[in-house]
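Each chain, letter by letter, is given below.
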Amino acid sequence: DSERRALDALREQQQLLQSIYANGSLAIFIMNERQECVFMNPAAEQLTGFSLAEVKGRALHDVIHHTRPDGSHYPLSECPIDQALPKNDRESGEEVFVHRQGHFYDVRFTASPIRDALGISTGTVIEVEDITSRKRDEQRLKQSEALFRTVSEALPNLVFLHDSEGRNAFVNRSFCTFAGRQPEGLRDDRWIELIQPEYGAVAWERWAAAV
């Protein structure tokens with residue numbers, strides 16, 4: 001009776017785990033002690049373009065992580081994901097994978113050693129999230145910021161950005177020349193401090209209304 005209940009409980013846990021692997025949006029890979037892939041969930045198959053049948057038994061690094069974006073070979077010995085097992089410690093960070101169709105894509109990963117009852121590492125479980133869109137947005141933001149700074153520094157007008165308390169977050173070269181101070185000395189100062197007292201109250205009132 002107790003044995004049957006224990007088997008039923010184990011079966012339920014296995015079914016629950018399988019359901020999580022099958023339906024989760026996070027890509028999950030499992031490698032054995034030889035760094036060979038033994039499991040990929042559907043999200044991992046969709047992420048990489050490979051099926052488990054195509055990858056199973058092969059070194060995962062050699063399938064999806066073998067080349068850097070510049071075209072150079074990425075040695076397995078330099079791969080942080082594959083260091084989780086020998087170091088017996090969790091590794092995490094960002095990397096670039098190679099899709100089955102040949103294009104590169106950015107990922108965030110967490111690689112954790114799988115330990116047996118004695119604490120000995122027997123494999124690695126890897127969680128992977130595609131962050132290509134986020135990285136693309138970050139690059140566009142950097143380009144936009146660089147363009148803004150280039151244009152604002154070339155303008156003869158005084159250009160300054162400030163936070164909700166009126167403290168300077170950015171000042172251009174013309175603003176520094178006007179104030180007779182260096183950018184470092186103006187950052188975090190309130191712009192109102194450069195306004196003559198007789199105009200300060202009105203200026204601050206209008207600025208506060210705009211905010």
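Residues numbered from 1 in each chain as written. Predicted model: local features only at pLDDT ≥ 70, side-chain atom pairs only at ≥ 80, totals over all residues. Heavy atoms only, no water.

J.: Would you mind going over empty space enclosed by the protein in detail, with residue names and values included?
T.: In this structure the tally under the stated criterion is one cavity of 30 Å³ or more. The volume enclosed by the largest cavity comes to roughly 60 Å³. What lines the largest cavity is simply Phe29, Met31, Leu60, His61, Ile64, His65, Cys79, Ile81, Asp82, Phe97, Ile126 and Val128. Among the elements of the structure, strand E1 (27–32), helix H4 (60–64) and strand E5 (121–130) are those that each provide at least two residues to the lining of the largest cavity. No other element matches the three residues that H4 contributes to the lining of the largest cavity. The residue makeup of the lining of the largest cavity, split by class, is nine nonpolar, two polar and one charged. (1 Å grid on protein atoms, 1.4 Å probe; cavity = no way out; pocket = protein on both sides within 12 Å on 5 of 7 lines; lining within 4 Å. Points joined across faces, edges and corners; volume = space filled by probe spheres on them. Helix = DSSP H or I, 4+ residues; strand = E, 2+ residues; numbered from the N terminus. Nonpolar A, V, L, I, M, F, W, Y, C, P; charged D, E, K, R; others polar.)

J.: Tell me about the nonpolar core, and name the residues and values.
T.: Formed by 24 residues in total, the largest nonpolar core has its most connected members in Phe29, Leu60, Ile126 and Val128. Secondary-structure elements contributing two or more residues to this core are E1, strand E2 (37–40), helix H2 (42–48), helix H3 (52–55), H4, strand E4 (104–115) and E5. Among the elements that line this core, the one with the most residues is E4, at four residues. Those residues in contact with Leu60 that sit more than four places away from it in its chain are Phe29, Met31, Gln35, Cys37, Val55, His65 and Ile126. (Core = buried A, V, L, I, M, F, W, Y, C linked by side-chain atoms within 4.5 Å. Buried < 20%, exposed > 50% of the residue type's maximum accessible area, 1.4 Å probe, protein only. Contact = heavy atoms within 4.5 Å.)

J.: Outline the pairing of strand E3 (residues 91–98), listing residues and values.
T.: Looking along a regular strand, one sees the side chains alternate between the two faces of the sheet. By the bridge criterion, eight bridges tie E3 to E4 in an arrangement that is antiparallel. Bridging across to E4, Val96 finds its partner in Asp106. (Pairing = 2+ DSSP bridges.)

J.: Outline the packing of aromatic side chains, supporting the account with residue identities and numerical values.
T.: One pair of aromatic rings is described through two measures. These are the centre distance and the angle between the planes. The tally for this structure, following the rule as stated, stands at four aromatic pairs. Residues Phe160 and Phe175 carry aromatic rings whose centres are separated by 4.8 Å and whose planes lie at 55° to one another, so their mutual orientation is tilted. Within this pair, whereas Phe160 is found in strand E6 (residues 160–162), its partner Phe175 is found in helix H7 (residues 173–179), the two being separated by 15 residues in sequence. When the ring centre of Tyr74 is taken as origin, the NZ or CZ atom of Arg68, which lies over that ring, is 4.4 Å away. (Phe/Tyr/Trp six-rings, centres within 6.5 Å; stacked < 30°, edge-to-face > 60°. Lys NZ or Arg CZ within 6 Å of the ring centre and 35° of its normal.)

J.: Explain the sheet that holds E2 residue by residue, including any values.
T.: Pairing within the open sheet is antiparallel, and its five strands lie in the order E2-E1-E5-E4-E3. The two strands at the open ends of the sheet, each matched to only one other strand, are E2 and E3. Direction aside, the axes of adjacent strands within the sheet are offset by 30° on average. Both E4 and E5 contribute to a ladder of nine bridges, which runs antiparallel. Within E5, the position partnered with Ser112 by the bridge is Val125. Sheet strands touched by helix H6 (residues 132–154): E3, E4 and E5. Its angle to E4, the strand with the most contacts, is close to 130°. (Axes fitted to C-alpha atoms, helices over the stretch in contact; angles between N-to-C directions.)

Read these as layout, nothing more, since geometry by itself doesn't imply function.
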